[in-house]
Amino acid sequence: MRTDPFFVPDWLAQRARSSPDHLALIGAGRTVSYAELAHDAAAAGGRLRRLGIQRGDRVALLMANRIEFAEIMYGAMRLGAVLVPLNPRLSAPEAGALLGDCRPAVLCYDCSARETVAALTPHMCAARVCVDADAAADDPLWKEIGATEGEPESRIDLQAVHSVVYTSGSSGRPKGVLLTYGNHFWSAVGSAFNLGVQPEDRWLACLSFAHVGGLSILLRSVIYGTTAVIHDHFDPEQVNRAIDEDRVTIVSVVAPMLQRMLEVRGERPYPPWLRCTLLGGGPAPRALLETCAARGLLVAQTYGLTEAASQVTTLAPRDARRKLGSAGRPLLCGEIRLVRDGVVVAPGEVGEIQVRGPTVSPGYLKTAPKGETAEDRRPSGVGPHRVDGWLSTGDLGRLDEEGFLYLVGRRDDIIITGGENVHPAEVEAVLEAHPAVAEACVAGAPDDRWGEAIVAYVRLREGADVDASALQAHARRSLAGFKIPRQVHFVDDFPRTASGKVLRRAVRERARGTAQPQR
């Protein structure tokens, strides 16, 4: 075998040989061993080939988290096709916009997206296939496509594009991020180096596979030879049950998800085999982290983004309590620096986070014009989005003297009121420290006198009751006067991205329009 540094063996085939009987996947009452996953992936590759899929073609998946997703993904990998995971919760116009952007050769979907697919116009992709027992608009069924002999096992080119993953669109239009096999591989290596790998590890995937944080679990579990436990959506009671009954050892969530897990669990402690809760999605509420620490739940806060194949920095388990509130240090082979006005800032100062390393995407998807040929459908990057090798993230943070990162927020989220810069995350953290508040989101509203006025939207804990003036008084004890929300509005929930993060763009738009009266 060649020893070219840009090629590695097919990691699923290798895993099937080394650990054929080890559980690869658990989901929806099914268990799949590595030998079975390799066999089913080969069959999926054969079906895709029957549909005309060739190397470089895009295969879109509009489906919930399920075992078939993994089979099709690894089947596409055998052909050298490019995966485009889309969230089945998208509306038809939203899904249509992304399909029009990426123009896949085939769209695979399931019952969760049937109504959405039925509303799509036929020209949005060359073929549509339903993986369930019935179809929309008379599309062919996945299992009825004859599985020709699958492609032979091949080496993986780490420089080749594996997937196009769309950003959450929390602050703008979603962008298709090109992620290579090398991006995913080095992300898995860096995570393993930081969190460690145990033979009986079971990583729970309740984040959507359309999100890089969910998709990466499927990839790294095979690289590690561990087990992925798949949930088709997030349900706090089901997650807690899986931890107890399926012996989940690691779970990836964002702060609102973790809060709901704690609320429904009550005072019952988590079992000792849950060795790590990976917490992403932006700055974590201090009160939530303190609650977890008091209950003995080890939380490893992480900072990552789609353009860097998930994790960039992650708190090591040994530092989880010593550095409460930090997102940790860079993973193996990655680097970060904080820059303001083109100059690297000193420890303790706030700057924009820039990232460099082998997990960073080569670019964004460049949409081909109408009338494209099959060759035109090959992924191509558009940029530049790096300066001197550094990716500018738009996120703000600060480093302490030991190099631990503390997140501040998004550069675009900064509110300028009376000439003063206010980071929404700082105000949100203070509001969320109030015992009645489950979650808060702060935005700027136009103000004739101050330029922008701070407006807070608050979701209360179940059964809690508090008024706007009480929360303003609470904030005044910790914040300067110009940081106090001028208005506080109460909401049942927030608009969210596929990963569960608050859709800040929608909150900003609401703040700039007519807000509902205070309670």
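Residues numbered from 1 in each chain as written. Predicted model: local features only at pLDDT ≥ 70, side-chain atom pairs only at ≥ 80, totals over all residues. Heavy atoms only, no water.

Draft legend 1. Spatial organisation of the sheet that holds strand E15 (residues 299–305). Taken together, the nine strands give an open sheet; going across it, the order is E3-E2-E12-E11-E13-E14-E15-E16-E17, and neighbouring strands pair in mixed fashion. Every other strand in the sheet has two partners, leaving strand E3 (30–33) and strand E17 (329–330) as the edge strands with one partner each. Note that strand E11 (residues 202–205) and strand E13 (residues 250–254) share two bridges and pair parallel. Bridge pairing in E13 places Leu204 opposite Val251. (Pairing = 2+ DSSP bridges. Helix = DSSP H or I, 4+ residues; strand = E, 2+ residues; numbered from the N terminus.)

Draft legend 2. Summary view of the state of the cysteines. Within this structure, the stated rule accounts for zero disulfides. There is no disulfide at Cys130, and the cysteine sulfur nearest it, in Cys111, is 7.5 Å away. (Disulfide = S-S within 2.5 Å.)

Draft legend 3. Inspection of the pattern of salt bridges at higher detail. Scanning the entire structure with this criterion turns up 24 salt bridges. Of the charged contacts, one joins Arg30 and Glu71 as a salt bridge, the two residues approaching to 3.7 Å between their closest N and O atoms. In this pair, Arg30 sits in strand E3 while Glu71 sits in helix H3 (residues 67–79), placing the two residues 41 residues apart along the sequence. Judged by its relative accessible area of 33%, Arg30 is partly exposed. The class for Glu71 is buried, based on a relative accessible area of 6%. Taking the shortest distance from any N to any O, the salt bridge between Arg265 and Asp244 comes out at 2.9 Å. Here Arg265 is found in helix H9 (residues 255–265), whereas its partner Asp244 is found in helix H8 (residues 236–245), with 21 residues between them in sequence. Residue classification places Arg265 among the buried residues on the basis of a relative accessible area of 6%. Taken together, the salt bridges that share partners define one network made up of Arg30, Arg66, Glu68, Glu71, Asp110 and Asp132. (Salt bridge = Lys/Arg side-chain N within 4 Å of Asp/Glu carboxyl O. Buried < 20%, exposed > 50% of the residue type's maximum accessible area, 1.4 Å probe, protein only.)

Draft legend 4. Structural context of empty space enclosed by the protein. Per the stated rule, a full pass over the model turns up four cavities of 30 Å³ or more. Of the pockets and cavities examined, the largest cavity occupies roughly 110 Å³. Taken together, 16 residues make up the lining of the largest cavity; nearest its centre are Gln311, Val312, Leu331, Gly334 and Thr359. At the level of elements, helix H6 (181–195), strand E16 (310–314) and strand E20 (351–356) are the ones that each hand at least two residues to the lining of the largest cavity. If one sorts the elements of the lining of the largest cavity by residue count, H6 sits on top with three residues. (1 Å grid on protein atoms, 1.4 Å probe; cavity = no way out; pocket = protein on both sides within 12 Å on 5 of 7 lines; lining within 4 Å. Points joined across faces, edges and corners; volume = space filled by probe spheres on them.)

Draft legend 5. Focus on the packing of H6 against helix H7 (residues 212–224). Here H6 crosses H7 at 70 degrees, and the two axes come no closer than 9 Å. Classified by the interaxial angle, the pair formed by H6 and H7 is roughly perpendicular. For the pair H6 and H7, the contacting residues are His184, Phe185, Ser187, Ala188, Ser191 and Ala192 in the first and Leu215, Leu219, Arg220, Ile223 and Tyr224 in the second. Taken together, the residues of the contact of H6 with H7 sort by class into seven nonpolar, three polar and one charged. (Axes fitted to C-alpha atoms, helices over the stretch in contact; angles between N-to-C directions. Parallel < 35°, antiparallel > 145°, perpendicular 65-115°, else oblique. Contact = heavy atoms within 4.5 Å. Nonpolar A, V, L, I, M, F, W, Y, C, P; charged D, E, K, R; others polar.)

Draft legend 6. Highlighting the nonpolar core. Within the largest apolar cluster, 70 residues are counted, with the highest numbers of intra-cluster contacts made by Trp11, Leu25, Leu48, Val59, Tyr74, Trp142 and Leu218. When residues in this core are grouped by element, the largest group, nine residues, is from H3. Ignoring any residue separated from it by four or fewer positions in sequence, one finds Tyr74 in contact with Trp11, Leu12, Ala41, Leu218, Leu219 and Val222. Counting 28 residues, the second largest nonpolar core, distinct from the first, contains Val239, Val253, Leu274 and Leu297. (Core = buried A, V, L, I, M, F, W, Y, C linked by side-chain atoms within 4.5 Å.)

Draft legend 7. Region of interest: H7. If you check H7, its first and last C-alpha atoms are 18 Å apart, about what 13 residues at 1.5 Å a residue would give, namely 18 Å. In terms of burial, H7 is largely enclosed, as 13 of its 13 residues are buried. (Expected span 1.5 Å × (residues − 1).)

Draft legend 8. Seen up close, the sheet that holds strand E30 (residues 487–490). Here three strands make up an open sheet; going across it, the order is E28-E29-E30 and the pairing mixed. Of all the strands in the sheet, just strand E28 (437–447) and E30 have a single pairing partner and so form its edges. In this sheet, adjacent strand axes meet at a mean angle of 25 degrees when their direction is disregarded. In the sheet, E28 pairs with strand E29 (residues 451–460) via 10 bridges, with the strands oriented antiparallel. Each residue of the ladder has a partner; that of Asp447, found in E29, is Gly451. Here helix H13 (residues 504–512) sits on the sheet in contact with E28 and E29, set at roughly 50 degrees to E28.

Draft legend 9. Looking closely at the packing of H9 against helix H10 (residues 286–294). With their axes 11 Å apart at the nearest point, H9 and H10 run at an angle of 45 degrees to one another. Judged on the interaxial angle alone, H10 and H9 are oblique. In the crossing of H9 with H10, the sense of the turn from one axis to the other is left-handed. In this structure, H9 contributes Ala255, Leu258, Gln259 and Leu262 to the contact, and H10 contributes Leu288, Thr291 and Cys292. In terms of residue class, the contact of H9 with H10 is made up of five nonpolar, two polar and no charged. (Left-handed = near helix turned anticlockwise from the far one by under 90°.)

Draft legend 10. Spatial organisation of the environment of Ala147. For Ala147, the location among the structural elements is in the loop between strand E7 (128–130) and strand E8 (156–157). On the basis of relative accessibility, which here comes to 39%, the residue Ala147 falls in the partly exposed class. Sequence separation of Ala147 and Leu48 is 99 residues, and the distance between their C-alpha atoms is 8.2 Å. If we skip the residues at most four places from it in the chain, Ala147 touches Ala43, Gly46 and Arg47.

Draft legend 11. Spatial organisation of the confidence of the model for the protein. When pLDDT is averaged along the protein, the result is 88, and 90% of the positions lie at 70 or above. Low pLDDT, under 50, characterises residues 368–384; the predicted model gives this stretch 34 contacts beyond four residues in sequence or across chains. (pLDDT = per-residue confidence, 0-100.)

Draft legend 12. Just the side chain of Asp400, in detail. By the secondary structure assignment, Asp400 is in the loop between strand E24 (390–399) and strand E25 (405–410). Within the structure, the side chain of Asp400 is placed 2.7 Å from the side chain of Lys323, a separation counted as a polar contact. Polar contacts involving the side chain of Asp400 include one to the main-chain amide nitrogen of Glu402, which spans 2.9 Å. Excluding residues that lie within four positions of it along the chain, Asp400 makes contacts with Lys323, Pro347 and Tyr406. (Polar contact = N/O pair within 3.5 Å; in protein donor to acceptor, adjacent residues only side chain to side chain.)

Draft legend 13. Inspection of the pairing of E15 at higher detail. Counting buried residues along E15, six of its seven residues qualify, which places the element largely inside the surrounding structure. With three bridges connecting them, strand E14 (residues 276–280) and E15 associate as parallel partners. Paired with Leu278 across the bridge in E15 is Ala300. Note on the crossover from E14 through H10 to E15: the handedness is right-handed. (Right-handed = clockwise from strand over helix to strand, strands pointing away.)

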